[in-house]
Amino acid sequence: MTGKTHQIIGITSGLAYLLLTLQPIYSPATLATVIVSCHIAALIPDLDRASSMFWNSVPMGKVAGYITELFIKHRNISHSILGILIYFGIARYILYLFPAYWGVNVPTALTSAMIAYCSHLIADMITVQGVPLFFPFKRMFGIPPKPFDGIRIVTGQWFENFVVFPFVNILFTALIWTKWGVIHIILLR
Ligand SMILES: [Zn+2]
């Protein structure tokens, strides 16, 4: 899938977790952290591609992306269970550095970020290439599995652009619409 699709799927799924499990103690900082960390987590698996949206959005990203691409093949460790565990360790470390007075609910932000990261892998699994889920084993896995892989979608083609992307945008809008009362409480309490 392309960056824009990963972005909207990641933010929608991570935010859905926050809004569906919301506790009255949550602060606006938790909402902001969830949005930012889901955004990053949804794009970070494609760090291994110079043209990825992640590199486009950071300073000197293009150069860093080309250097990374020289060493790592696309859809590699970052698209595996091992990658999920490594990212969990890094995200957990960073989020627990946040001072307590910021009022960020770290377990919630971490769970949302991991949902967004996993959403990237699941979205890539429904494309023809699949992902090396059990890296370092090179076998690619996808949904549906072989021999039904013929119905999987092609990254950046019409089905992603005209069906998946608009559909997830509608889900995102519906989520904000139905949970607006809750968002309002977090922001204006
Ligand atoms: Zn990917």
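Just so we're clear, the structure is a prediction, and the values are computed from it rather than from any experiment.

## Focus: the overall build of the protein chain
And step 1. Tallying secondary structure elements over the protein chain gives eight helices and zero strands in all.
And step 2. In sequence order, the protein chain lays out its α and β elements as α-α-α-α-α-α-α-α.
And step 3. Against the compact-globule benchmark of 16 Å for 189 residues, the protein chain has a radius of gyration of 17 Å, which places it among compact chains.
And step 4. Structurally, the protein chain occupies a C-alpha span of about 50 × 35 × 30 Å along its principal axes.
And step 5. Per-residue burial over the protein chain gives 32% buried out of 189 residues.
And step 6. In the protein chain, of all internal contacts separated by at least 6 residues, the share reaching a separation of at least 24 is 71%.

## Structural notes on the packing of helix H1 (residues 3-20) against helix H7 (residues 158-178)
And step 1. Between H1 and H7, the shortest axis-to-axis distance is 10 Å and the interhelical angle comes to 25 degrees. In terms of axis orientation, H1 runs roughly parallel to H7. Regarding H1 and H7, the two cross each other, and that crossing is left-handed. Contacts between H1 and H7 involve Lys-4, Thr-5, Ile-8, Ile-9, Ile-11, Thr-12, Leu-15, Ala-16 and Leu-19 on the former and, on the latter, Glu-160, Val-164, Phe-165, Val-168, Asn-169, Leu-171, Phe-172 and Leu-175.

## Examining the environment of Ile-35
And step 1. For Ile-35, the position within the fold is in helix H2 (residues 28-43).
And step 2. Ile-35 gets classed as partly exposed once you count the C-beta atoms within 10 Å, which come to 16.
And step 3. C-alpha separation for the pair Ile-35 and Ala-113, spaced 78 residues apart in sequence, amounts to 8.7 Å.

## Quick word on the nonpolar core
And step 1. Cys-38, Ala-41, Ala-42, Ala-113 and Ala-116 are the most contacted members of the largest nonpolar core, which totals 27 residues.
And step 2. Looking at this core, the elements that each hand over two or more residues are H1, H2, helix H3 (53-56) and helix H6 (106-125).
And step 3. Beyond its immediate stretch of four places on either side in the chain, Ala-113 contacts Gly-14, Ser-37, Cys-38, Ala-41 and Ala-91.

## Quick word on the UniProt feature "transmembrane region" (unreviewed entry) in the protein chain
And step 1. Look at the UniProt record and you will see "transmembrane region" (unreviewed entry) annotated at residues 81-102, 114-137 and 158-177.
And step 2. Here residues 81-102 is 68% helix and 0% strand, with 31 Å between the C-alpha atoms at its ends.
And step 3. In residues 114-137, helix accounts for 50% and strand for 0%; the two terminal C-alpha atoms are 22 Å from one another.

## Considerations on H2
And step 1. Its 16 residues give H2 an end-to-end C-alpha distance of 23 Å, which sits within 8% of 22 Å, the value for a rise of 1.5 Å per residue.
And step 2. Every buried residue of H2 is listed here: Thr-30, Leu-31, Thr-33, Val-34, Ser-37, Cys-38, His-39, Ala-41, Ala-42 and Leu-43.
And step 3. For H2, the elements touching its buried residues are H1, H3, helix H5 (81-95), H6 and helix H8 (180-188).

## Observations concerning unusual backbone geometry
And step 1. In this structure, Pro-136 follows Phe-135 across a cis peptide bond, with omega equal to 15 degrees.
And step 2. Residue placement: Pro-136 occurs in the loop between H6 and H7.
And step 3. The peptide bond linking Ile-143 to Pro-144 adopts the cis configuration, its omega dihedral lying at -10 degrees.

## Things to note about the packing of H1 against H6
And step 1. Contact geometry of H1 with H6 gives a least axis separation of 8 Å together with a crossing angle of 145 degrees. Crossing of H1 over H6 shows right-handed handedness. For the pair H1 and H6, contact is made by Thr-5, His-6, Ile-9, Gly-10, Ile-11, Ser-13, Gly-14, Tyr-17 and Leu-18 and by Thr-108, Thr-111, Ser-112, Ala-113, Ile-115, Ala-116, Ser-119, His-120 and Ala-123, respectively.
And step 2. Looking at the contact of H1 with H6 residue by residue, the class counts come to eight nonpolar, 10 polar and no charged.

## Concerning the environment of Thr-5
And step 1. Position of Thr-5 among the secondary structure elements: in helix H1.
And step 2. Residue classification places Thr-5 among the buried positions, given that 21 C-beta atoms sit within 10 Å.
And step 3. Spatially, the C-alpha atom of Thr-5 lies 9.1 Å from that of Asn-169, the residues being 164 residues apart in sequence.
And step 4. Residue contacts for Thr-5: discarding those within four places in its chain leaves Ala-123, Glu-160, Val-164 and Phe-165.

What counts, and at which threshold
As a convention, each chain's residues are numbered from 1 in the sequence order in which they are written. Selection of residues for local features in this predicted model requires a pLDDT of at least 70, selection of side-chain atom pairs for listing and counting requires 80 or more, and totals for whole chains, interfaces and linings are taken over all residues. Labels follow the DSSP assignment, with helices taken as runs of H or I lasting at least four residues and strands as runs of E lasting at least two, numbered in each case from the N terminus. The globule rule used for comparison is 2.2 Å times the number of residues to the exponent 0.38, while the radius of gyration itself is calculated over C-alpha atoms. Three classes are used. A residue is buried when 20 or more other C-beta atoms lie within 10 Å of its own, exposed when 12 or fewer do, and partly exposed in between, with C-beta atoms placed from the backbone. Residue pairs qualify as contacts under a 7 Å threshold applied to their C-beta atoms, which are placed from the backbone. Every axis corresponds to a line fitted to the C-alpha atoms, with the helix fit spanning only the stretch in contact, and the corresponding angles, defined between N-to-C directions, vary from 0 to 180 degrees. Orientation is classified from the angle alone, with under 35 degrees giving roughly parallel, over 145 giving roughly antiparallel, 65 to 115 giving roughly perpendicular, and any other angle giving oblique. Crossing handedness is read from the near helix: turned anticlockwise from the far helix by less than a right angle, it gives a left-handed crossing, and turned clockwise, a right-handed one. Nonpolar cores are built from buried Ala, Val, Leu, Ile, Met, Phe, Trp, Tyr and Cys residues. These are joined into a set through C-beta atoms within 7 Å. UniProt positions are given in the numbering used here, feature names are shortened, and annotations may be inferred rather than shown by experiment. Working rule for helices: expected span equals 1.5 Å times residues minus one. Nonpolar residues are Ala, Val, Leu, Ile, Met, Phe, Trp, Tyr, Cys and Pro. Charged residues are Asp, Glu, Lys and Arg, and all others, Gly as well, are polar.

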